[in-house]
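Spelled out from the first residue to the last, the chains are:
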Amino acid sequence: MIPDKEYWKYRYQNKQTGWDIGYASPPIINYFDQLTDRDLKILIPGCGNAYEAEYLFNQGFKNIYILDLVEDVLQNFKRRLPEFPSEKLICDDFFSYQNKFDLIIEQTFFCALPPERRRDYINKVSNLLSKKGKLVGLLFNKEFEHDGPPFGGSKEEYELLFSQSFMIKTLENCYNSIEPRMGNELFFIFENPL
Ligand SMILES: C[S@@+](CC[C@H](N)C(=O)[O-])C[C@H]1O[C@@H](n2cnc3c(N)ncnc32)[C@H](O)[C@@H]1O
């Protein structure tokens, strides 16, 4: 089964959204709190309910784009945050979307993609990032027993994969994961050299 737009729409409509923690992810917030440049152009792909974007927006970051295949989640977001600019709510396939960003945030989007698309994800992120732009976020450091999504992986695997296109600035066990994910997540910062 390939998780396509209908699959994700069904999961949201039937409230089968175990990935949705209901608030902005603490390790990512911790990273945001260290950013000083509020003009950074930021993309959150596969954003779902996009709590991280809401946090950023409320902190004064105004150049944030959120992207998802499912229109409903973007509409929910707009209802929660009506002042968020509509042109920055992107309903599209990540792999077709064209733009350039300083920062891309990863939060349970990579693990939602079938492993055979991982190379495509890396190529696409490279294309979407400006020179020295960063991909920052969380990756699962575990294999799941059932067939995905989510699809897991290991630090060694990610190192091998991402180092072909990015400078690995940080890739470490995440010390401030939410309790159910504690010990099973890596926090990372990858920089686009091009
Ligand atoms: C596991 S959910 C994670 C949502 C959100 N990041 C979170 O942590 O709550 C994966 C999300 O990616 C979206 N998605 C899957 N494939 C996509 C694609 N090719 N382009 C854009 N969004 C996609 C799904 O609709 C879903 O909202």
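Residues numbered from 1 in each chain as written. Predicted model: local features only at pLDDT ≥ 70, side-chain atom pairs only at ≥ 80, totals over all residues. Heavy atoms only, no water.

As annotated in an unreviewed UniProt entry, the chain carries the name SAM-dependent methlyltransferase and is attributed to Aquimarina atlantica.

What about the site of the ligand?
Residues in contact with the ligand amount to 18 residues; listed here are only the nearest, Tyr12, Gly46, Asp68, Gln107 and Thr108. One nitrogen or oxygen atom from the main chain of Gly46 is found 2.8 Å from a nitrogen atom belonging to the ligand. Thr108 is positioned such that a nitrogen or oxygen atom in its side chain is 2.6 Å from an oxygen atom of the ligand. For the ligand, whose accessible area on its own is 600 Å², the fraction buried by protein is 95%. Breaking the shell around the ligand down by element, the ones donating at least two residues are helix H1 (5-13) and strand S2 (64-68). Tallied by class, residues from the shell around the ligand come to eleven nonpolar, four polar and three charged. (Near = heavy atom within 4 Å. Polar contact = N/O pair within 3.5 Å; in protein donor to acceptor, adjacent residues only side chain to side chain. Areas by Shrake-Rupley, 256 points an atom, 1.4 Å probe, with all protein chains shown as cover. Helix = DSSP H or I, 4+ residues; strand = E, 2+ residues; numbered from the N terminus. Nonpolar A, V, L, I, M, F, W, Y, C, P; charged D, E, K, R; others polar.)

Re the pattern of salt bridges
Following the criterion strictly, the structure yields five salt bridges and no others. Glu191 is the partner of Lys132 in a salt bridge, and the nearest nitrogen-oxygen pair spans 3.8 Å. Of this pair, Lys132 sits in strand S5 (residues 129-140) while Glu191 sits in strand S7 (residues 185-191), and the two are 59 residues apart along the sequence. The residue Glu191 makes a salt bridge to Lys134 at a minimum N-O spacing of 3.9 Å. Taken together, the residues Glu191 in strand S7 and Lys134 in strand S5 connect sequence positions 57 residues apart. On the accessibility criterion, Glu191 (9% relative accessible area) is buried. One salt-bridge network, in which partners are shared between bridges, spans Lys132, Lys134 and Glu191. (Salt bridge = Lys/Arg side-chain N within 4 Å of Asp/Glu carboxyl O. Buried < 20%, exposed > 50% of the residue type's maximum accessible area, 1.4 Å probe, protein only.)

Concerning the side chain of Ser126
Summarising the element assignment, Ser126 is placed in helix H5 (residues 118-128). Residues contacting Ser126, with those up to four places away along its chain left out, are Ser165, Phe166 and Asn192. (Contact = heavy atoms within 4.5 Å.)

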